[in-house]
Amino acid sequence: MKVSPSILTCDFSKIGEEIHFVEETKADWLHLDIMDGVFVPNLTFGPPVIKRLRPLTDLFFDVHLMMQHPDWLVDAFIDAGANLINFHVESDANIEETIAKIKERDIKVGLTVKPNTPVDSVFPYLDSLDLVLVMTVEPGFGGQSFMEEQLEKVKALVEEREKRNLSFTIEVDGGVNRKTAEACANAGVDMAVVGNALFTNPDPIGLVLAIHEL
Ligand code: DX5
Ligand code: ZN
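These remarks concern the structure in this document. All values derive from a computational prediction rather than experimental measurement.

1. Details of the pattern of salt bridges
Enumeration according to the criterion identifies 10 salt bridges in this entry. Among the ionic pairs, Glu-160 bridges to Lys-163, the shortest N-O distance being 3.3 Å. Separated by three residues within a single helix, Glu-160 and Lys-163 lie in helix α5 (residues 151-163), roughly one turn from each other. Judged by relative accessible area, Glu-160 falls into the buried class, the value being 11%. A salt bridge links Glu-160 to Arg-164; the nearest nitrogen and oxygen atoms lie 3.0 Å apart.

Given below as structure tokens:
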């Protein structure tokens, strides 16, 4: 299983060094949590920060928009250097239009579901998606406990993907650590976001290696 470290719990006073730390772990992507203080009760950073981080690394920027109106800033995030933009099916955005807007700029696109949202809410869009992100915590904060029952959604996505001969990536986000990663891999997760468990780990390289071997 692949790893997309979230820098939400990193030391923002030295974010450049934290990006190089992520590179040293040999992780696959970099997960950037964008929170608007409306869709979730927390506020992080926007395109200006991503624009500054872009020249520091070749890491693939997996941008997670926890925003009521993600469509308003899609172009700004792409201009800043996003490689993939995923936004919430629960947001106020017109989903088809926002997916089309991202794809017409040759950027990967994903749809994200919160824990209380049925997974078939994204089924109508699967043909157009590069990724589906299943939240395994209530979005808004790092360091929360993994919600194992959300893995039923992963299994349903694996089945639907096979049935329709599609190839979107299945990603989970929230509460993933060395232990919960096993259940994720067994359910069929392709990419796991890891935040707190990586930035508080005495052996981050070992953690990424262990998850890669699952
Ligand atoms: C939560 C974010 C997650 C979170 C993951 O709203 O979307 O990416 O930062 O962090 P951990 O791994 O600490 O749960
Ligand atoms: Zn996230």
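Moving on from the model shown.
2. Description of the sheet that holds strand β8 (residues 191-194)
One open sheet holds the eight strands; their spatial order is β1-β8-β7-β6-β5-β4-β3-β2, and the pairing between them is parallel. The open sheet has two edge strands, β1 (2-5) and β2 (29-35), and neither has a second partner. Shown here is a sheet whose adjacent strand axes are inclined to one another by a mean of 25°, direction ignored. By the bridge criterion, four bridges tie strand β5 (residues 108-113) to strand β6 (residues 131-135) in an arrangement that is parallel.

3. Notes on unusual backbone geometry
With the exception of glycine, the majority of residues adopt a negative phi angle, and the majority of peptide bonds are in the trans configuration. One non-glycine residue, Asp-106, lies in positive phi territory at about 60°. Mapped onto the elements, Asp-106 comes out in the loop between α4 (95-103) and β5. The phi dihedral of Asn-165 is positive, around 50°, even though this residue is not glycine. By the element assignment, Asn-165 lies in the loop between α5 and β7 (169-173).

Quick notes on the rules
- Residues numbered from 1 in each chain as written.
- Chains lettered and ligands numbered in written order.
- Predicted model: local features only at pLDDT ≥ 70, side-chain atom pairs only at ≥ 80, totals over all residues.
- Heavy atoms only, no water.
- Salt bridge = Lys/Arg side-chain N within 4 Å of Asp/Glu carboxyl O.
- Helix = DSSP H or I, 4+ residues; strand = E, 2+ residues; numbered from the N terminus.
- Buried < 20%, exposed > 50% of the residue type's maximum accessible area, 1.4 Å probe, protein only.
- Pairing = 2+ DSSP bridges.
- Axes fitted to C-alpha atoms, helices over the stretch in contact; angles between N-to-C directions.

The values reported here are purely geometric and, on their own, carry no functional implication.
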